[in-house]
Structures are given as structure tokens and as C-alpha cells.
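Observations on chain architecture
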Amino acid sequence: MEHIILYAIVPILTVMLLGYYAGKTGAFTGENARVLNKLVLNYALPAALFVSIIKANREMLSVDLKLTLISFVVLLACFFLVYFVFRYLYKDSMAESAISALISGSPTIGFLGFAVLQPIFGDSASVGLVIAIVAIEVNAFGIPIGLALLNAGNARQNATAGGKKPNPWLPVLNAIKEPVAWAPILAVILVLCGLKWPAYLDPSFDLIKGANASVAVFAAGITLSSVKIKINGQAIMGSFLKLIIMPLAILVVGIIFRMEPVNLKMLVVCAALPPAFSGIIIASRYNTYVATGTSSLALSTILFMGFCPLWIWLTDLCIGWFHLAA
């Protein structure tokens, strides 16, 4: 756990605080943060998602069908749970609820997956399998769905303001046009077609994808400095849904369907990861729900340091009890 804190969580907080300081001292502004987020959302993040997914293969998805199905079904269900909680409990707009789902309804698997899982479970093929499966669900399904809901909400708002009645398919088409949506979808299609990604192409993507996490977290710090921090009921609810409900749902369903213990533990840790940074990037790009979303991200990242070992302990306890009861 000390390794996780020092090599995964502390760097995130350090870069975020550096961005916060840069924003407070006037070196960068909120507008600069939006420019940096545009760089990440349109270039760095799509490149990182594409490369991480296309390195998978069809065999990886079919080796443990139970793992694949449970991760897809439960994580997508949690995504929509967050959306409906904020849409109907807090009466947020459709666009705001979509941003909440993109943040608190998805783990930041692309940024922290290997950084957190490898120190705990080692550098094995099974670790890469779990991360690849969760990455496909979050990036090839969650992001396009969230963008479609966001665009639909904006289109509905424009229609209410006196614009034309929106085409129901237009938000979906607009979402798919975004590089952050079509890049992972294209990668999944190529994987399913059996394309082998040549290793000599990696260096061509390394420079731009390397800017992904650092620039995104730095921009999040700038954004946090330019908005009023709101650790309110919504930020707390987002952290509760992300850090408690999502891993709990994975644990319960995994126990019911008797998942392999190590895979279950890795999947629970993946589900307990802090909210997806991509949601903050999209929020800043569309200038929607930025303050509460960024506050929820910061709160969840700090709380993860305590919840990660807690969920590992609880999963071991449940697995042991289940085997004794069986």
C-alpha cells in the first residue's frame, strides 16, 4: 500500500496541486486549462486509449467470459445508476447528469490501472487482462454513451430556448465524431477482426500519449483554482457511488457467480479506483459541471488511499467466508 500511495496517488496530488498553484498565481488561467484539455481530449487521450486497447486480442476477451460479462454489465449498470441518481434525485440537467456519470460512474483505469494493480498483484498476464477488459468497457462504451447523453441534453436545452427540435440520432453521431469516442471503438473493432498491433508502431504514439495523464491532472488543478470548490452533497454523493457502491456491486455479483478469487479481487480494486479523469476533461471542454465534478475527483482521489486497502481486506474476507460456507 505504501508503494501505491507513493507511486500512484502522491504524484497525482502533486501535479494537481502544482496546477492549482499555477492557476492561483496567474501563470495559467481557466481558459488555458480548456486549451490543455482540448489537447488531451482530441489527441493525447485518444492515442493512449487506442494503443492500450488494440494491444489486447480476441483470446483475452474469451479466456474468462465470466470476468468480461460481469465487468461490462456491472460497470455499465453503475454508470447509469450515477446518471439517474443525479438526474432525478438532485434534479440536474441531462448534460450535468451525463458529466456526473462520466466522472463518478467510471474508474480511471487508463491513468491508474497498471500503477495500482501491478504493485499489488504483480506483472502478470492476468493483470493486463483485467485492465484491458475494464478499459474497453470504460472507454469504448462509457465515453461514447456519456457524450451521446451530453449532446442530447445540450440539444434539448437549445430546443427549449427556441431552437429547432433536435434529431434524436444527432447526439449519437456528434459523440462518435469525437476522437475520444471513435478511437477506442475503432481499436475494439480491429481487435475483434484479429489485427496484430506491430511493436514498431509504439514509439510513434508514445510521445503524444505520454502527455495524457500529466497534462490532464495539471489542467484539473488549474480548473480547481479557477472555480469555487464545492465539497457539497453532490460531490460527496459522487464519491460514495464511486468508492463504495461500484466496488460493492462488483464484489456481490462476483461472489454470486463464483468468479475466480484473484480476478475478483483485481476487478474490485479496478472498480474502487478514483473517478475517470476523462470526465473532468470533457466537463471542462463543454463547460458543464466543472466545479462539482473537479471537487468530487479531488475528494475521491484522497479517500481512495483508505478505501483501496479496505476493499482488498473485505474481498479477502468475503472470499474466505464464501469458501468456508460452501
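Now for a quick tour of the structure. (Residues numbered from 1 in each chain as written. Predicted model: local features only at pLDDT ≥ 70, side-chain atom pairs only at ≥ 80, totals over all residues. Heavy atoms only, no water.)

Moving on to the pattern of salt bridges. Applying the stated criterion across every chain yields a total of one salt bridge. Lys-265 is the salt-bridge partner of Asp-316, the closest N and O atoms lying 2.7 Å from each other. A residue pair is termed long-range when its members are at least 10 positions apart, and Asp-316 in helix 14 (residues 290–325) and Lys-265 in helix 12 (residues 261–272) qualify at 51 residues. (Salt bridge = Lys/Arg side-chain N within 4 Å of Asp/Glu carboxyl O. Helix = DSSP H or I, 4+ residues; strand = E, 2+ residues; numbered from the N terminus.)

Geometrically, a pair of aromatic rings is defined through the distance of the ring centres and the angle of the planes. Evaluated as defined, the whole model comprises 11 aromatic pairs. Centroid distance Trp-197 to Phe-205: 5.6 Å. Interplanar angle 65°. Geometry classified as edge-to-face. By the ring-pair criterion, three or more aromatic residues cluster together here, those being Phe-79, Phe-80, Tyr-83, Phe-84 and Tyr-88. One cation-aromatic arrangement involves Arg-87 over Tyr-88; the distance from NZ or CZ to the ring centre is 5.8 Å. (Phe/Tyr/Trp six-rings, centres within 6.5 Å; stacked < 30°, edge-to-face > 60°. Lys NZ or Arg CZ within 6 Å of the ring centre and 35° of its normal.)

Packed helices, taken two at a time, are described by their axes: the angle between them and the distance between them. One way to put it is that helix 5 (residues 94–104) packs onto helix 13 (residues 277–286) with a least axis distance of 6 Å and a crossing angle of 155°. The orientation of helix 5 relative to helix 13 falls into the category roughly antiparallel. Seen from above, helix 5 lies across helix 13 with left-handed handedness. Touching Ile-99, Leu-102 and Ile-103 of helix 5 are Gly-279, Ile-280, Ile-282 and Ala-283, all from helix 13. In terms of residue class, the contact of helix 5 with helix 13 is built from six nonpolar, one polar and no charged. (Axes fitted to C-alpha atoms, helices over the stretch in contact; angles between N-to-C directions. Parallel < 35°, antiparallel > 145°, perpendicular 65-115°, else oblique. Left-handed = near helix turned anticlockwise from the far one by under 90°. Contact = heavy atoms within 4.5 Å. Nonpolar A, V, L, I, M, F, W, Y, C, P; charged D, E, K, R; others polar.)

This part covers helix 10 (residues 202–226). If you check helix 10, its first and last C-alpha atoms are 36 Å apart, about what 25 residues at 1.5 Å a residue would give, namely 36 Å. The sharpest bend along helix 10 reaches about 35° and sits at Asn-212. (Expected span 1.5 Å × (residues − 1). Bend = angle between axes of the 7 residues up to and from the residue.)

Position of Thr-108 among the secondary structure elements: in the loop between helix 5 and helix 6 (109–121). Not counting the four nearest positions on each side in its chain, Thr-108 is found in contact with Gly-113, Leu-273, Pro-274, Pro-275, Ala-276 and Phe-277.

Another aspect to go through is the packing of helix 4 (residues 65–89) against helix 12. Two elements in contact, helix 4 and helix 12, have axes whose closest approach is 11 Å; the angle formed by their N-to-C orientations is 25°. What the angle tells us is that helix 4 and helix 12 run roughly parallel. The crossing of helix 4 and helix 12 is right-handed. Of the residues in helix 12, those in contact with Leu-67, Ile-70, Ser-71 and Leu-75 of helix 4 are Asn-263, Leu-267 and Ala-271. Looking at side-chain class alone, the contact of helix 4 with helix 12 contains five nonpolar, two polar and no charged residues.

So, on to the environment of Trp-311. Topologically, Trp-311 is positioned in helix 14. Overall, the relative accessible area of 5% leaves Trp-311 in the buried class. With 42 residues separating them along the chain, Trp-311 and Val-269 place their C-alpha atoms 7.0 Å apart. Excluding residues that lie within four positions of it along the chain, Trp-311 makes contacts with Leu-243, Ile-244, Pro-247, Leu-248, Leu-251, Val-268 and Ala-272. (Buried < 20%, exposed > 50% of the residue type's maximum accessible area, 1.4 Å probe, protein only.)

As a further point, take the side chain of Ser-100. Here Ser-100 lies in helix 5. The class for Ser-100 is buried, based on a relative accessible area of 4%. The residues contacting Ser-100, other than those within four sequence positions of it, are Val-82, Phe-86, Gly-105 and Tyr-289.

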